[in-house]
Amino acid sequence: MSKSKRLRERMAERGLVHIMATHSPLSAVLAEEAGFDGLWASGFELSALYGVPDMSLISMTQHLDMLRATAGRSSLPIVADIDTGYGNAINVIHAISEYERAGASAVVIEDKTFPKVTSLVDGGRQELLRIEEFQGKIEAAINTRKDPDFLVIARTEALIAGLGEEEALKRARAYETAGADMILIHSKKKDPSEIESFARAWDGNVPLTIVPNAYPELDASRIEALGNIRMVIYGNYGVRAATAAMQSAFRRIIADGGVQNVHKDIAPVEEIFRLQRTDETKVNERAFLR
């Protein structure tokens, strides 16, 4: 069974799947050990790892390299964040082929113009494509995938762009008509009112995906009560948690004039060896090196 089919079956069985953002094989291993249903190959997190804004500055090649390495270390299905598809419908055709080959089980494509600006930044340029043009991208993705269970998730940024619920619904319906398997609806309000209202108004036949970054109080019980959301993506929590931990440790080392205090509060080096599968490599070294 393909990982794409496993992801679909898990949604059918559980009703709601929890997908954790990752930016490296290490973060993927940690997410799998924690019990998540899948991984979000996050463009935002990878951009942060490189220290650049999430504004289409990271290339498809860089993102694919991360995804391949992640797929090699985790058994979980990967939902790939491919932003706008790296260009027009022709670029989308190329991207779907590459991402499916690299080990993705799903992609999310958003209806912004290329290059995009990250959704939640204050004052960011949020320009949307014509509906018909984005439908062409969705159709291109559907026609290109080899595995029929590979999910093509259409993300509308109408609420992010301030265009309102009616425009978001109009676009979502059009994207479903184009063949999208799911609709991702996003909001930058500090409460979940827009998302809950959209979910109640959604009259399509495909389920919804959400990314509760700006409205963290929308927990699993509230999401499940809406009845048509099948996937929740925790979009930037991995890199934010790692950043907070590193900031704290680094500042303490400078303040203390050494690592004599901080060392007891961080993961021991033996834990890193475990995550690296060092013992397995040692066994192979003894068995095969002559």
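Quick look at the structure, then. Only a predicted model underlies this, so the values are computations on that prediction, with no experimental measurement involved.

It is worth spelling out the packing of aromatic side chains at this point. Counting across every chain of the model gives four aromatic pairs. Each ring, one from tyrosine 86 and one from tyrosine 99, has its centre 6.4 Å from the other, and the planes form 10°; the classification is stacked. Remark: tyrosine 99 occurs in helix α5 (residues 89–102) and tyrosine 86 occurs in the loop between β3 (78–81) and α5; sequence separation between them is 13 residues. By relative accessible area, which is 17% here, tyrosine 86 ends up buried.

Turning our eyes to something else, we now look at the sheet that holds β3. With parallel pairing, the eight strands of this closed barrel are ordered in space as β1-β2-β3-β4-β5-β6-β7-β8. For this sheet, the mean angle separating the axes of adjacent strands, direction not counted, is 25°. Where strand β5 (residues 151–156) meets strand β6 (residues 182–185), four bridges bridge the pair, whose relative direction is parallel. Of the residues in β6, the one forming a bridge with threonine 156 is isoleucine 185. Set on the sheet, helix α1 (residues 3–14) makes contact with β1 (17–22), β3, β4 (106–110), β5, β6 and β8 (229–234); between it and β1 the angle comes to about 135°.

Side-chain alternation along strand β2 (residues 38–41) places Gly38 and Trp40 on one buried face and Leu39 and Ala41 on a second face that is also buried. Where β1 meets β2, four bridges bridge the pair, whose relative direction is parallel. Each bridged residue has a counterpart across the sheet, and for threonine 22 the counterpart in β2 is alanine 41. Once you follow β1 into helix α2 (residues 25–34) and on to β2, the crossover reads as right-handed. For β2 and β3, the ladder comprises three bridges, and the chain directions are parallel. Note that in β3 the partner of tryptophan 40 across the bridge is valine 79.

Moving on, we get to the layout of surface pockets. Vacant regions in the atomic arrangement are exposed by a probe of water-molecule size rolled over the atoms. Estimates place the volume of the largest pocket at around 650 Å³. For the largest pocket, the lining is made up of 26 residues, of which Leu26, Leu30, Ala241, Ala242 and Ala245 are closest to its centre. Elements represented by at least two residues in the lining of the largest pocket include exactly β1, α2, α10 (237–256) and α11 (269–275). A total of 10 residues in the lining of the largest pocket trace back to one element, the largest contributor, which is α10. Residue composition of the lining of the largest pocket, by class: 19 nonpolar, five polar and two charged. Roughly 280 Å³ of internal volume is contained in the second largest pocket. Here the residues of the lining of the second largest pocket sort into five nonpolar, seven polar and seven charged.

On to the pairing of β3. Burial along β3 is two-sided: Ile78 and Ala80 facing one way and Val79 and Asp81 facing the other are all buried. Across three bridges, β3 lies against β4 in parallel orientation. By the bridge assignment, alanine 80 is partnered in β4 with valine 107. Between the parallel elements β3 and β4, the chain passes through α5 in a crossover that is right-handed.

Parameters and conventions
Residues numbered from 1 in each chain as written. Predicted model: local features only at pLDDT ≥ 70, side-chain atom pairs only at ≥ 80, totals over all residues. Heavy atoms only, no water. Phe/Tyr/Trp six-rings, centres within 6.5 Å; stacked < 30°, edge-to-face > 60°. Helix = DSSP H or I, 4+ residues; strand = E, 2+ residues; numbered from the N terminus. Buried < 20%, exposed > 50% of the residue type's maximum accessible area, 1.4 Å probe, protein only. Pairing = 2+ DSSP bridges. Axes fitted to C-alpha atoms, helices over the stretch in contact; angles between N-to-C directions. Contact = heavy atoms within 4.5 Å. Right-handed = clockwise from strand over helix to strand, strands pointing away. 1 Å grid on protein atoms, 1.4 Å probe; cavity = no way out; pocket = protein on both sides within 12 Å on 5 of 7 lines; lining within 4 Å. Points joined across faces, edges and corners; volume = space filled by probe spheres on them. Nonpolar A, V, L, I, M, F, W, Y, C, P; charged D, E, K, R; others polar.

Functional significance is not addressed by these values, which are geometric in nature.
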